[in-house]
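# Chains, contacts and geometry: an overview
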Protein chains: 2
Amino acid sequence: MSNQLIQPRTLSGFRDFLPEMMIPREKLMETARKVYRSYGFVPIDTPTLELSEILCGKGSEETDRQMYRFQHGKRDVAMRFDLTVPLARFVAQHHNELGMPFKRYHIGNVWRGERPQAGRFREFAQCDFDTIGTNSIASDIETVLVINDLIRAIGFEQFKIRLNNRKVLNGILEKANLAEHSVAVLRALDKLPKIGPEKVRLEMLETTGAPDSSIDQILMLSQISGTNREIIQQLGTLCEGNELAEQGREQLSEVIDATQALGLTEQNLEIDVSIARGLDYYTGTIVETFLTDLPSFGSICSGGRYDSLAQLYTKQQLPGIGASLGLDRLLAAMQQLDLIPNTKTTAEVMIVQFDKSKLSEYLKLAADLRRQGIAVELYPESKKLNQQFKYADRRGARAVIIAGTDEFASGVVQVKWLADGTQTELPLAENSNEIAEWLKTRLTD
Amino acid sequence: MSNQLIQPRTLSGFRDFLPEMMIPREKLMETARKVYRSYGFVPIDTPTLELSEILCGKGSEETDRQMYRFQHGKRDVAMRFDLTVPLARFVAQHHNELGMPFKRYHIGNVWRGERPQAGRFREFAQCDFDTIGTNSIASDIETVLVINDLIRAIGFEQFKIRLNNRKVLNGILEKANLAEHSVAVLRALDKLPKIGPEKVRLEMLETTGAPDSSIDQILMLSQISGTNREIIQQLGTLCEGNELAEQGREQLSEVIDATQALGLTEQNLEIDVSIARGLDYYTGTIVETFLTDLPSFGSICSGGRYDSLAQLYTKQQLPGIGASLGLDRLLAAMQQLDLIPNTKTTAEVMIVQFDKSKLSEYLKLAADLRRQGIAVELYPESKKLNQQFKYADRRGARAVIIAGTDEFASGVVQVKWLADGTQTELPLAENSNEIAEWLKTRLTD
């Protein structure tokens, strides 16, 4: 064998998760699972690799270009670039077994060969939930409630869910005879917060060639402001006479009424008539979610209602609504906000190996504590005490248990609390119950 | 757009996880995480894709052949085929940040282009834990304890961890002057349970050309039997005079002593001097784990001690010990043993939408119950009651809450317990506390 070492490195755009990042990442996933499950969403998983034919079916040119696609044997295969296309294929394929309505969540990695840049990776986790097979407004309301519960459970109170309805936009476009220019108009409208109404107006005039009066009708959307109820009221005039727009306004109103009754205020849920989210896919309610402390970070949880999830794979009409938590993006946001604790351990308690001949006693003590629900690490070697303490410190352990021949002889241990260096003597008797109780009290402080 | 439908299907060797399989699969992963964490193992993750150079470095010809490998831009890349090679690269790369000893777990998918066959998939989850940077026997003992805790936490009591030590084997080979034929001898020895000592003897004679007396020394291993302590005693004579063998025997003895002191008996831990597990990689303790009720299923959790994890990537000597739970294989075993409950829901309680105009009340009731820790699904539409009940039944809900105008007027709900069809009236007052309490009691029964 050659002695030439292979340089250990990762591919550009890919990364390792070290424990200090993977611990909060696992916690985020656990939190998402818990919230989704509390609403009866059920987990599924789909393959990383699918036939390119399946994955390319729905993608835009851009996603097609970004796909990791290759030949495997005789097959043209690709790695999934989102969790929505696999969901569509999945539901079309297993429709009868699943039964409708079907509420699923899916936490998994996706791959996109984008140009790597700060905070953008080629492999990242998404965390989707969808309710399929129903047009009921109850699911739109529930989607907003899930996002609210989710972001709160993760630990944020300062966030804003922005709500809109594509029917309002599409109806107003119809009213202004701009339906055929919807793509250009919505694209311009999306820029409203960035470039302001005058530049949006110019862009619309240029791309549509429509008369000023039509553009004015659309731009009245940018004048709308106030509380959610005030916005709904102001939308009244704008939507009047167009069935689609009125339906959209009514749906916005139902979502606001129901969520307000449950305590969601403008603090966390705000109608924003300018958001359009994708140009063809969504057909009703749309949502985006922003962290108040990182306004320019972009939406961390977005989604909306669609009329037809799986039309490429089945004739079955499958309406639904869902949203996707950008889990790794949220993790990056939390890192920017300094919300990631510097913990490198899953065990807050460490037992030092003070005396090698007492290994069985240390193992017994550790087993006792684990049985009582305390995660505990036994330092694997009987090295010098200061080295063992350094290890505990570095990893963020909170308590260290020390016992040598003298302690075992008198049936006690010393527990050192690392934050203040205090040391407490506790009895070993009765399956270490007293030590466990003491630790539990201190660790939950 | 063409009207031609794309047939929804998965690639050969790949599969979807429907909720009834994904729910227990998530539970298995949660259990593994919990057990690993209770010992202070910390989570990491590594990329799915790595440079082929990195992944091919250590693999055997067989794994190289099975690898999903392709060209991406200018890079020759591949999907990981196990979690050990990425760990080696990871530890070599982040050695200084991690600090030694380092105890990590890693739960993730791996990909192997094997010929698909019953129970063998091309994408499957592994669930590894390793202790790196120490030769201490405490880690060998801990590895056995973790496996024992893990298999028990998953729900099995009928299982056997088989323990051996490569030093014993290698030492006895040295003694018999068969060290240079170790690969052939160990390969033959691995067949002992299948083809019996006579055929193994013939194979060894043929492949090594060694004298009968040498082969006899090796085959004495197959005569060894009894309790763990009896086996260790019998190994005394066989190992005598060879330092390596005696060291191995001593280590076996230490593992047995320490685990026995913690209550592990022959029921679940048995020395098996015939297992060799891989021919070059392991250097000390080796373990395999079998389910008593599925003896022919193969090992569901295997591993061992190695002298040098990352020698391809670093000059640092990194000894360690670890094992891998074959999570998807275990799931398949549980399915064969009929241990997968037929539950398709994460919410044991469902609220029917009896009266559409009461949507806000249903939402409030659901929110109340969730706040008290009960997962609850609100049926999304106000369809016919029997359709809503069919949905609840089909998914495995246990309780259904029914309330219409009359109930809300008198401040009560009806709770139907699906197992026996009994119906109980409970008051809605005080944030639905009484309903929550009643449900909690019944659901934990």
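My aim in this report is to walk through the structure given alongside it, one point at a time. Position labels on residues start from 1 in each chain and follow its written sequence. For this description, chains carry letters from A and ligands carry numbers from 1, given in the order in which they are written. Residues qualify for local features only when their pLDDT is at least 70, as the model is predicted, and side-chain atom pairs are given and counted only at 80 or more; totals for whole chains, interfaces and linings, by contrast, use all residues. Derived side-chain values reflect all non-hydrogen atoms in the structure, with water molecules and hydrogen atoms excluded from consideration.

## A closer look at the overall build of chain A
Here a strand is any run of E in DSSP of at least two residues, a helix any run of H or I of at least four, and the numbering for each starts at the N terminus. Broken down by element type, chain A carries 16 helices and 16 strands. In summary, chain A has a C-alpha radius of gyration of 28 Å against a globular reference of 22 Å for 445 residues, an excess of more than 25%. For chain A, the spread of C-alpha atoms along the three principal axes comes to 95 × 60 × 45 Å. Counting only residues that meet the buried cut, chain A has 59% of its 445 residues in that class. His is not counted here, nor are the chain ends, while Lys and Arg score as positive and Asp and Glu score as negative. Charge positions come from single atoms, namely NZ of Lys, CZ of Arg, CG of Asp or CD of Glu. Charge-centre separation for chain A: the mean point of 52 positive side chains lies 6 Å from the mean point of 60 negative side chains. Only the C-alpha atoms count toward the radius of gyration. The rule for a globule is 2.2 Å times the residue count to the power 0.38. Only protein chains enter the accessibility calculation, which uses a 1.4 Å probe; a residue is then buried when its area is under 20% of its type maximum, exposed when over 50%, and partly exposed in between.

## A look at the pattern of salt bridges
Think of a salt bridge as a Lys or Arg side-chain nitrogen and an Asp or Glu carboxyl oxygen that are within 4 Å of each other. Inspection of every chain in the model, using the stated rule, returns 46 salt bridges over all chains. With a shortest N-O distance of 2.8 Å, R305 of chain B and D140 of chain B are connected by a salt bridge. With a gap of 165 residues between them, R305 of chain B in strand β10 (residues 301-306) and D140 of chain B in helix α5 (residues 137-154) connect regions that are remote in the sequence. For R305 of chain B, a relative accessible area of 4% corresponds to the buried category. Judged by its relative accessible area of 1%, D140 of chain B falls in the buried class. One salt-bridge network, in which partners are shared between bridges, spans R15, R25 and D328 of chain A together with D45 and R80 of chain B.

## Let's talk about the interface of chain B and chain A
How big an interface is tends to be stated in terms of the accessible area lost upon association of its parts. Contacts were defined at the residue level, with two residues in contact if any of their heavy atoms lie within 4.5 Å. Listed as interface residues are 101 residues of chain B and, on the opposing side, 101 residues of chain A. When two parts are put together, the accessible area they lose, computed with a 1.4 Å probe and summed over both, is reported as buried area. Summed over both partners, the interface of chain B with chain A comes to about 8,400 Å²; 61% of that surface belongs to carbon and sulfur atoms. On the surface where chain B and chain A come into contact, there are ten salt bridges. Here R25 of chain B ties to D45 of chain A by a salt bridge, and the two come within 3.4 Å at their closest N and O atoms. We define a polar contact as two N or O atoms separated by no more than 3.5 Å, with the added condition that, inside protein, one atom must be a possible hydrogen donor and the other a possible acceptor, whereas residues neighbouring each other in sequence contribute only through side-chain atom pairs. Counting across the chain B and chain A interface gives 42 residue pairs in polar contact (both at pLDDT 80 or more). The element best represented in the side of chain B that touches chain A is helix α1 (residues 19-38) of chain B, accounting for nine residues. Classification used: nonpolar for Ala, Val, Leu, Ile, Met, Phe, Trp, Tyr, Cys and Pro, charged for Asp, Glu, Lys and Arg, polar for all others including Gly. By residue class, the composition of the side of chain B that touches chain A is 52 nonpolar, 23 polar and 26 charged.

## Some thoughts on the packing of aromatic side chains
Residues and elements named next belong to chain A. Ring geometry is summarised as follows: Phe, Tyr and Trp rings, the Trp one being its six-membered ring, pair when their centres sit within 6.5 Å, and such pairs are stacked at plane angles under 30 degrees, edge-to-face over 60 and tilted between the two. Counted under the stated rule, the structure contains 23 aromatic pairs over all chains. Measuring from centroid to centroid gives 5.0 Å for Y379 and Y391, while their planes differ by 85°, and the two rings are edge-to-face. With a gap of twelve residues between them, Y379 in the loop between β13 (376-378) and α14 (385-395) and Y391 in helix α14 connect regions that are remote in the sequence. Neither Y379 nor Y391 differs from the other in exposure class; each is buried. Through a chain of ring-to-ring contacts, the aromatic side chains of Y36, F41, Y105 and F129 assemble into a single cluster. Our definition puts a charge over a ring when NZ of Lys or CZ of Arg is within 6 Å of the ring centre and also within 35 degrees of the ring normal. The ring of F17 has R25 lying over it, and the distance from NZ or CZ to the ring centre is 3.9 Å.

## Let's talk about the side chain of N268 of chain A
By the secondary structure assignment, N268 of chain A is in the loop between α11 (243-261) and β8 (269-271). At 2.5 Å, the side chain of N268 of chain A and the side chain of R152 of chain A are in polar contact.

## Quick look at the pairing of strand β6 (residues 123-132) of chain A
All names here are of chain A. Extensive coverage of β6 is indicated by the burial of ten of its ten residues. Judged by which residues are buried, β6 turns out to be covered on both faces: E123, A125, C127, F129 and T131 on one side and F124, Q126, D128, D130 and I132 on the other are all buried. DSSP calls a pair of strands paired once it identifies at least 2 bridges connecting them. The pairing of strand β5 (residues 102-111) with β6 spans ten bridges and is antiparallel. Each bridged residue has a counterpart across the sheet, and for Y105 the counterpart in β6 is F129. Both β6 and strand β11 (residues 320-325) contribute to a ladder of six bridges, which runs antiparallel. Following the sheet pairing, D128 is matched in β11 by S324.

## Topic: unusual backbone geometry
It is generally the case that most residues other than glycine have a negative phi and that most peptide bonds are trans. All names here are of chain A. Between M100 and the following residue, P101, the backbone shows a cis peptide bond with an omega angle of -10°. Within the fold, P101 resides in the loop between α4 (84-98) and β5. A positive phi angle is found at E430, which is not glycine, with a value near 55°. Along the chain, E430 falls in helix α16 (residues 429-443). Accessibility expressed as a relative area gives 62% for E430, which makes it exposed.

## A look at the packing of helix α6 (residues 166-175) of chain A against α11 of chain A
Residues and elements named next belong to chain A. Running from N to C, α6 and α11 point in directions that differ by 155°, and their axes come no closer than 7 Å. When the axis of α6 is compared with that of α11, the two are roughly antiparallel. Our pair here, α6 against α11, has a crossing hand that is left-handed. Contacts between α6 and α11 pair K167, V168, N170, G171, I172 and E174 from the former with L244, A245, Q247, G248, R249, Q251 and L252 from the latter. Taken together, the residues of the contact of α6 with α11 break down into five nonpolar, five polar and three charged. To obtain each axis, a line is fitted to C-alpha atoms, and for helices this fit is confined to the stretch in contact; angles are then taken between N-to-C directions over 0 to 180 degrees. For classification purposes, angles smaller than 35 degrees are called roughly parallel, those larger than 145 roughly antiparallel, those between 65 and 115 roughly perpendicular, and all remaining angles oblique. Helix crossings get a hand from a simple test, with the near helix turned counterclockwise from the far one by less than a right angle marking a left-handed crossing and a clockwise turn marking a right-handed one.

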